[in-house]
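# Summary of structural features
Residues per chain, in single letters:
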Amino acid sequence: MKPFTGNFTQQEPLDDAVIAAATGILRSGRLHRYNSAPGELSKASELEQAYAAYQGARYCLACASGGYAMAIALRAAGLGQGEAVLTNAFTLAPVPGAIAAAGGKPLLVEITEDLVIDLEDLDRKAKTSGARFLLLSNMRGHLADMERLTDIVRQNNLILIEDCAHTMGAAWNGRKSGSFGLAGCFSTQTYKHLNSGEGGLLTSDDPEFVARAIILSGSYMLYERHGAAPPADVFERIRLETPNMSGRMDNLRAAILLPQLARLEDSIERWNDRYRAVEQALAGAEGVALPRRPEAERYVGSSIQFRLPGLSAALAEAFVAANKALGVELKWFGAADPVAFTSNHRSWRYVDPQLLPETDRILSSLFDMRLPLTFSVEDCRHIGAIIAHCAAELGAHA
Ligand SMILES: *Cc1c(COP(=O)(O)O)cnc(C)c1O
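The structure contained in this document is the topic of the report that follows. All residue numbers refer to positions counted from 1 along the written sequence of the respective chain. For a predicted model such as this one, the threshold for reporting local features is a pLDDT of at least 70, and the threshold for listing and counting side-chain atom pairs is 80 or more; totals across whole chains, interfaces and linings nevertheless cover every residue. Here the side-chain values reflect all heavy atoms present in the structure, with hydrogen atoms and water set aside.

## What to know about empty space enclosed by the protein
Rolled over the atoms, a probe sized like a water molecule indicates the empty space that remains. Stated precisely, the cut-off is as follows: Using a grid of 1 Å spacing that covers the protein atoms alone, one calls a set of points a cavity when a 1.4 Å probe fits there but cannot get out, and a pocket when the set is open and has protein on both sides within 12 Å along at least five of seven lines; lining residues are those with an atom within 4 Å of a point. Grid points are joined across faces, edges and corners, and a volume is the space filled by probe spheres set on the points. We call Asp, Glu, Lys and Arg charged. Ala, Val, Leu, Ile, Met, Phe, Trp, Tyr, Cys and Pro are nonpolar, and the rest, Gly among them, are polar.
One pass over the full model with this rule turns up one cavity of 30 Å³ or more. Taken as a whole, the largest cavity spans an internal volume of roughly 40 Å³. Taken together, Asn 88, Leu 115, Val 116, Ile 117, Leu 136, Ser 137, Asn 138, Met 139, His 142 and Ala 144 make up the lining of the largest cavity. Its residues assigned to classes, the lining of the largest cavity shows six nonpolar, four polar and no charged.

## Side note on the nonpolar core
The following threshold applies: What makes a nonpolar core is a set of buried Ala, Val, Leu, Ile, Met, Phe, Trp, Tyr and Cys residues whose side-chain atoms join them at distances within 4.5 Å. Buried, partly exposed and exposed residues are distinguished by accessible area as a fraction of the type maximum, computed with a 1.4 Å probe on protein chains only: under 20%, between the cut-offs, and over 50%, respectively. Secondary structure elements are defined from DSSP: runs of H or I of at least 4 residues count as helices, runs of E of at least 2 residues count as strands, and each element is numbered from the N terminus. For the purposes of this description, domain bounds are those given by an automatic or database domain assignment. Contact between two residues is taken to exist if any of their heavy atoms lie within 4.5 Å; hydrogens are not considered.
Ranked by internal contacts, the top residues of the largest apolar core, which has 45 residues, are Leu 47, Ile 117, Leu 122, Leu 134 and Leu 149. A total of five residues in this core trace back to one element, the largest contributor, which is helix α2 (residues 43–55). Counting contributing residues per domain, this core is built from domain 1 (16–262) and domain 2 (264–397), each supplying no fewer than three. Setting aside chain neighbours within four positions, we find Ile 117 in contact with Asn 88, Val 109, Glu 110, Ile 111, Thr 112, Leu 122, Leu 134, Leu 136, Ala 144 and Leu 149. Core analysis: the second largest hydrophobic core is formed by 35 residues, Ala 69, Ala 77, Ala 213 and Val 234 among them.

## Some remarks on unusual backbone geometry
Its identity as a non-glycine residue notwithstanding, Asn 173 has a phi of 50°, on the positive side. What makes Asn 173 exposed here is its relative accessible area of 51%.

## Here's the deal with the site of the ligand
Convention followed: Put simply, a residue is near a molecule or strand once any heavy atom of it comes within 4 Å of that molecule or strand. Any N or O atom pair separated by 3.5 Å or less is treated as a polar contact, with the protein-specific requirement of one donor-capable and one acceptor-capable atom, and with residues adjacent in sequence counted only for side-chain atom pairs.
Not every one of the 16 residues close to the ligand is listed here, only the nearest: Gly 66, Asp 163, His 166, Ser 187 and Lys 192. Between the ligand and the protein, one listed contact pairs an oxygen atom with a backbone N or O atom of Gly 66 at 2.7 Å. Those elements giving two or more residues to the shell around the ligand turn out to be α3 (66–76) and α4 (94–101). With three residues, α3 is the largest single contributor of residues to the shell around the ligand. Along the lines of polarity and charge, the residues of the shell around the ligand split into six nonpolar, eight polar and two charged.

## Brief notes about the side chain of Ser 187
Within the secondary structure, Ser 187 sits in strand β8 (residues 183–187). By relative accessible area, which is 6% here, Ser 187 ends up buried. Polar contacts involving the side chain of Ser 187 include one to the main-chain amide nitrogen of Gln 189, which spans 3.2 Å. Leaving out residues up to four positions away in the same chain, Ser 187 has contacts with Gly 66, Ala 165, Met 168, Lys 192, Leu 194, Gly 199 and Gly 200.

## Looking at the packing of aromatic side chains
Selection rule: Stacked, tilted and edge-to-face pairs are distinguished by plane angle, under 30 degrees for stacked and over 60 for edge-to-face with tilted covering the rest, among Phe, Tyr and Trp rings (Trp via its six-membered ring) whose centres lie within 6.5 Å.
Scanning the entire structure with this criterion turns up eleven aromatic pairs. Both rings, one in Phe 90 and one in Phe 333, keep their centres 4.9 Å apart while their planes meet at 80°; by these two values the pair is edge-to-face. Here Phe 90, found in the loop between β2 (84–88) and α4, pairs with Phe 333, found in the loop between β12 (331–332) and α12 (357–363); they are 243 residues apart in sequence, far enough to count as distant. Neither Phe 90 nor Phe 333 differs from the other in exposure class; each is buried. Between Phe 306 and Phe 319, the aromatic rings sit 6.2 Å apart at their centres with planes inclined by 85°, giving edge-to-face as the arrangement. Pair noted here: Phe 306 is in strand β11 (residues 303–307) and Phe 319 is in helix α11 (residues 313–325), with a separation of 13 residues, a long-range link. Taken as a pair, Phe 306 and Phe 319 share a single burial class, namely buried. Each residue in the set Phe 4, Phe 8 and Phe 375 is aromatic and connected to the rest through ring pairs, giving one cluster.

Okay, structure coming up:
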């Protein structure tokens, strides 16, 4: 088997339109979002307008990171100190981190083999805990049945905030991920769907919630300069009772995001071509189980996950090593100690320990891989063939 030599963390270079946008802002010297010339709409405000339009939301706030967007969303939604926040147990560390930052306590919900929140466990835990908040993490881009989920949200009077770090551009039955509850939180960190190094976007249709979030983000009393914000009278009611928790986006990052947003739909098609190439190679592979991708889901295949059910820890490690020897970097979610990223609930020791047998069983055989757009579709076929080969070898030795 010929090894693969591509780099799994190398994103695409930013093109001339992005470089020109960055240069324009650098030449102006007006990098701070409120440092606008008379009559000028800042790049941060322009980005808020463009993203609100893309998302189909009334309002948008650009801020420092996806994690920051989630933390201020919880605060703006009225989370009290020590209050429980339901969230799926399979997610990335910034999610429980945002709950902790907002003063809440994560109450973890099981996942299913399709890697989405277990709706029965959600309903049960909502009822028994009386929790008021659900921070739904659309982890690795997998969407739950959003109609059933919103029914459960409604029946239990939950306030739904969506973590869309991996579902920017995704939809369920034509409705954009991030538009099913009070707010959607997005990340523009390098490994997500738009790249400004760091950055976050928060969308909502609720005027008072957004006014609070804007003041929280550190707007001082300059909120009237925002691009997709509610009218000034909404701020009047809350402006002096809302703390400033500085986490603004600057004009340089906004400027480089605007041209990338304009071709996001094209990027999504390219990701999905790559996803399908790997998926096809794995579909018939020995012992490999792929998560189901429902008809209703429009996904963004910027990463791929699969399971090797029934695998021991020793064999899982051997499988990762065999792939690595052939140049394929897999992440295994069952590792006892977190490597690079933490996404296993056992490594969040500031969270009360919780029993999640289903999630543990699923994560113990779950593998994950990024699909940067620097890979060609042919590269993805090659990668898929390597994984299938390593899975077959494992079968031969098991
Ligand atoms: C990256 C990520 C975030 C947070 O994004 P940052 O911008 O890095 O704070 C949130 N949720 C998930 C699932 C992520 O992968």
